[in-house]
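# Remarks on the overall topology
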Amino acid sequence: MEPVYSFAINVFTSAIALAIGIYILRHDPENMLNRLALLICIWFVVRNSSAQMAFLFSTVKDHVILVYKINSIFFNTILSLNLHFYLFMKDKKKMELWKLALVYLPALLMSLVPIIDYQFYSNIVYAGGEWRFAFSYNKLSARLFALYIMCYWTATITVAFLYLKQARLRREIKQASVVLAGYACYVVSQIIMYLMAANHPQAATFFVLPSVVYVFALFYAVSRYRFLVPGPSLVAENIILHISDMVRILDLEGRIITANRRAGDLLSVSPDSLKDDSFFGIIRSDDKLMERLTGFPGGGDNSFSRRLAYVKGEETIVTDTHFSKIMDRFSDVVGTLVISKEIHGWKEFQRMYGISGRELEIVYYILQGHSARSIAEELNISKRTVETHFINIYDK
């Protein structure tokens, strides 16, 4: 193939990879998964473009060797980036420092080897009017390098497979399947390319295409099946802000993702200050309620309502509260919508008679016709404790 055509193919595929990476990041700049995906795209572009430009257009061996040494850094680092990407996708949390060192340190050390001795596992020769990369299959060092690469590839595919195996949500299963297939295609293409590189140097041009296929797989998996917390859209956000009742959206762990102005005003705090706080920290809860709320996202009911008391210092705000599951387009539960309506008059009643928060809850159950036994069951306290509260309430 003519060098100009090879170069054109490389420029085209690199432009696609870079555009995809930028689009992924712009879609959700704060998502670590998207940042890693962009880095993978950039590393592919730099590695493929720099190597091919040097091999196709340079006639000075020293220049080719210099680019080859720089290129080896990107090649080794991309092994780590891929493994980091899949580990983050599997665990969905920031990696500990020792894990990061385990992922990146071997690749960084191996990057130094070609800088010290570029013939450690390969050679660069000029034949037939073009430079050729020849992998030294008979050298022990070359075999060790091949084993090192296979270890990274195997570890990455294993992590992706474990993610697929542990996936429970539909979108997780689909995402894992897409990225696993894309990465497997990339790995197979790289193995074939190394086997053909000595006799068919132009093969490297065509085996850039599986890299683009892999980048497309990342793009499709991250953008379509992305792991987003159930944040409201701009339209929904505007609606939530103008609802007179208290509105909160919780994630699957019960943390507050967003809250409207009314929810903040009632507790005398800014709505933004509630973000990432535990919902259980602002309500008067008992074991029974805690169990119901914790198991609600995975339970059979899509919604339920109950009387709920919010805590504001020493004050208790009694509300009628409705809980509803939030589902994505794959019918997976991604969060909980909580709408609370304050029951007016309870504050004045509490202040007038000096009723405590717990006593106020018991007054509510008394008015509903509950017996001491049923109140004890609802609040997970003893019947004697309820009866003691009865006496204190009547005395007040």
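Residues numbered from 1 in each chain as written. Predicted model: local features only at pLDDT ≥ 70, side-chain atom pairs only at ≥ 80, totals over all residues. Heavy atoms only, no water.

A separate point is the overall build of the protein. When helices and strands are tallied, the protein shows 15 helices and 7 strands. Counting over 396 residues, the protein shows a buried share of 45%. (Helix = DSSP H or I, 4+ residues; strand = E, 2+ residues; numbered from the N terminus. Buried < 20%, exposed > 50% of the residue type's maximum accessible area, 1.4 Å probe, protein only.)

Glancing now at the nonpolar core. Residues F85, Y86, Y148, Y186 and Y214 are the most contacted members of the largest nonpolar core, which totals 50 residues. Where this core is concerned, the elements lending two or more residues are α1 (3-27), α2 (32-57), α3 (61-91), α4 (97-116), α5 (140-166), α6 (170-196) and α8 (209-224). With 13 residues, the top contributor of residues to this core is α3. Membership of the second largest hydrophobic core comes to 20 residues, among which are I256, F279, F296 and V338. (Core = buried A, V, L, I, M, F, W, Y, C linked by side-chain atoms within 4.5 Å.)

Of the residues in the protein, 80% reach a pLDDT of 70 or more, and the chain-wide mean stands at 78. Of all secondary-structure elements in the protein, the lowest mean pLDDT belongs to helix α7 (residues 203-206), at 52, while α5 reaches the highest, 89. Between residues 227-231, whose pLDDT stays under 50, and residues either more than four places distant or in other chains, the model counts 18 contacts. (pLDDT = per-residue confidence, 0-100. Contact = heavy atoms within 4.5 Å.)

Turning to helix α15 (residues 383-395), a few remarks are in order. Owing to its 3.6 residues per turn, the α-helix brings residues three or four apart onto one side. Given a rise of 1.5 Å per residue, 13 residues ought to cover 18 Å, and the 19 Å separating the end C-alpha atoms of α15 matches this to within 8%. Of all the residues in α15, the buried ones are V386, H389, F390 and I393. Seen end-on, α15 carries its buried residues on one side only, within an arc spanning 110°. Exposed residues lying more than 90 degrees from the buried face of α15 are R384, I391 and D395. (Expected span 1.5 Å × (residues − 1). Arc of directions from axis to C-beta.)

Attention shifts here to the packing of aromatic side chains. Per the stated rule, a full pass over the model turns up 14 aromatic pairs. Plain terms: the ring middles of F279 and F323 are 6.2 Å apart, the flat faces sit at 85° to each other, and that makes the pair edge-to-face. A residue pair is termed long-range when its members are at least 10 positions apart, and F279 in the loop between α10 (261-266) and α11 (287-295) and F323 in strand β6 (residues 315-327) qualify at 44 residues. For the pair F279 and F323, a shared accessibility class is recorded, and that class is buried. With a centroid separation of 5.1 Å and an interplanar angle of 75°, the aromatic rings of F296 and F304 are classed as edge-to-face. Classification of F304 by relative accessible area gives buried; the value is 8%. Here R292 stacks its cationic end above the ring of F304, 3.9 Å away from the centre of that ring. One Lys or Arg, K325, reaches over the ring of F296 and ends 5.6 Å from the middle of that ring. (Phe/Tyr/Trp six-rings, centres within 6.5 Å; stacked < 30°, edge-to-face > 60°. Lys NZ or Arg CZ within 6 Å of the ring centre and 35° of its normal.)

The next point concerns the packing of α4 against α5. Two numbers describe how α4 lies on α5: the axes approach to 12 Å, and their chain directions differ by 155°. For the element pair α4 / α5, the angle class is roughly antiparallel. Handedness of the α4/α5 crossing: left-handed. Here α4 contributes L102, V103, Y104, P106, A107 and M110 to the contact with α5, which in turn contributes F145, Y148 and Y152. (Axes fitted to C-alpha atoms, helices over the stretch in contact; angles between N-to-C directions. Parallel < 35°, antiparallel > 145°, perpendicular 65-115°, else oblique. Left-handed = near helix turned anticlockwise from the far one by under 90°.)

Turning to the pattern of salt bridges, a few remarks are in order. Applying the stated criterion across every chain yields a total of 9 salt bridges. Here R262 and E342 are joined by a salt bridge, their closest N and O atoms 3.1 Å apart. Placement of the pair is R262 in helix α10 and E342 in strand β7 (residues 333-342), with a sequence separation of 80 residues. For E342, a relative accessible area of 12% puts it in the buried group. Across the salt bridge formed by D301 and R292, the nearest N and O atoms sit 3.7 Å from each other. With relative accessibility at 46%, the residue D301 sits in the partly exposed group. Within this structure, D251, E253 and R255 form a network of salt bridges that share partners. (Salt bridge = Lys/Arg side-chain N within 4 Å of Asp/Glu carboxyl O.)

Quick look at the sheet that holds β6 now. Overall, antiparallel pairing links the 5 strands, which are arranged β4-β3-β7-β6-β5 in an open sheet. Both edges of this open sheet fall to β4 (256-259) and β5 (303-312), since each of them pairs with a single strand only. The average undirected angle you get between the axes of adjacent strands in this sheet is 30°. As defined by bridge partners, β5 adjoins β6 across 10 bridges and the pair is classed as antiparallel. Across the sheet, the residue bridging to Y310 is I317, located in β6. (Pairing = 2+ DSSP bridges.)

Attention now goes to the environment of Y68. If you trace the backbone, Y68 turns up in helix α3. The spacing of Y68 and Y118 is 50 residues in sequence and 8.0 Å in space, taken between C-alpha atoms.

Time to look at the packing of helix α14 (residues 372-379) against α15. Where α14 meets α15, the closest approach of the two axes is 8 Å, and the angle between their N-to-C directions is 110°. By the angle class used here, α14 and α15 are roughly perpendicular. Of the two possible hands of crossing, α14 and α15 adopt the one that is right-handed. Residues A372, R373, I375 and A376 of α14 form the contact with α15, whose own contacting residues are K383, V386, E387 and F390. Its residues assigned to classes, the contact of α14 with α15 comprises 5 nonpolar, no polar and 3 charged. (Nonpolar A, V, L, I, M, F, W, Y, C, P; charged D, E, K, R; others polar.)

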